Amino acid sequence: MIGLRGDLKVLVASRPIDFRRGVHGLVALVAQALDADPYCGDVFVFRSKRKDRLKLVVWDGTGMVLVTKWIEEGAFTFPPVQDGVVVLTATQLSVLVAGLDWTRVAQKVVRRPTKIG
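Quick caveat: nothing in here was measured; it's all calculated off a predicted structure.

Basis of the calculations
Residues numbered from 1 in each chain as written. Predicted model: local features only at pLDDT ≥ 70, side-chain atom pairs only at ≥ 80, totals over all residues. Heavy atoms only, no water. Core = buried A, V, L, I, M, F, W, Y, C linked by side-chain atoms within 4.5 Å. Buried < 20%, exposed > 50% of the residue type's maximum accessible area, 1.4 Å probe, protein only. Helix = DSSP H or I, 4+ residues; strand = E, 2+ residues; numbered from the N terminus. Contact = heavy atoms within 4.5 Å. Salt bridge = Lys/Arg side-chain N within 4 Å of Asp/Glu carboxyl O.

Peer 1: Can you break down the nonpolar core residue by residue, with the values?
Peer 2: One finds Val 10, Val 43, Val 45, Leu 93 and Leu 96 to be the most contacted residues of the largest nonpolar core, which totals 18 residues. Elements supplying a minimum of two residues to this core: strand E1 (10-13), strand E2 (43-47), strand E3 (53-59) and helix H2 (90-97). Of all the elements, H2 adds the most residues to this core, at four residues. Setting aside residues up to four positions removed in sequence, Val 45 forms contacts with Val 10, Leu 11, Val 12, Ala 13, Lys 55, Leu 56, Leu 93 and Leu 96. With 12 residues, the next largest nonpolar core counts Ala 13, Leu 26, Leu 29 and Phe 46 among its residues.

In structure tokens:
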């Protein structure tokens, strides 16, 4: 289970992947192509060329979790195809997985309250 905590870091790979890759191939891709630690607890999101499928890989502390989702109609909203990653919030990840446009979700900046007294 992926706990959607506030400090969750979500990295979306901008380039489409070969969707035949399994968990071991995606872990290797995280380490080599994204230059990240696949066992750090961050969520890594991969897309298909047709933009109708995504895969999530995350280490949950006891093992690697692989989630695959196909959207029946339409397409997921992904960043433009280029090298690198795009960082999302936990809320934006939820919106992406629901098949909605995550680019329309912005985190509102809230000032820290001052001490009273």
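Peer 1: Outline the pattern of salt bridges, supporting the account with residue identities and numerical values.
Peer 2: In a structure, side chains of opposite charge can pair up when their charged atoms sit close to one another. Across all of its chains, the model carries five salt bridges by this definition. Ionic pairing is found between Asp 18 and Arg 20, a salt bridge with its closest N-O pair at 2.9 Å. Using a relative accessible area of 36% as the deciding quantity, one classes Asp 18 as partly exposed. Between Asp 52 and Arg 50 there is a salt bridge, with its nearest N and O atoms 3.8 Å apart. When its relative accessible area of 14% is taken as the criterion, Asp 52 is described as buried. The class of Arg 50 is exposed, set by a relative accessible area of 56%. What you see here is one network of salt bridges that share partners, running through Arg 50, Asp 52 and Arg 53.

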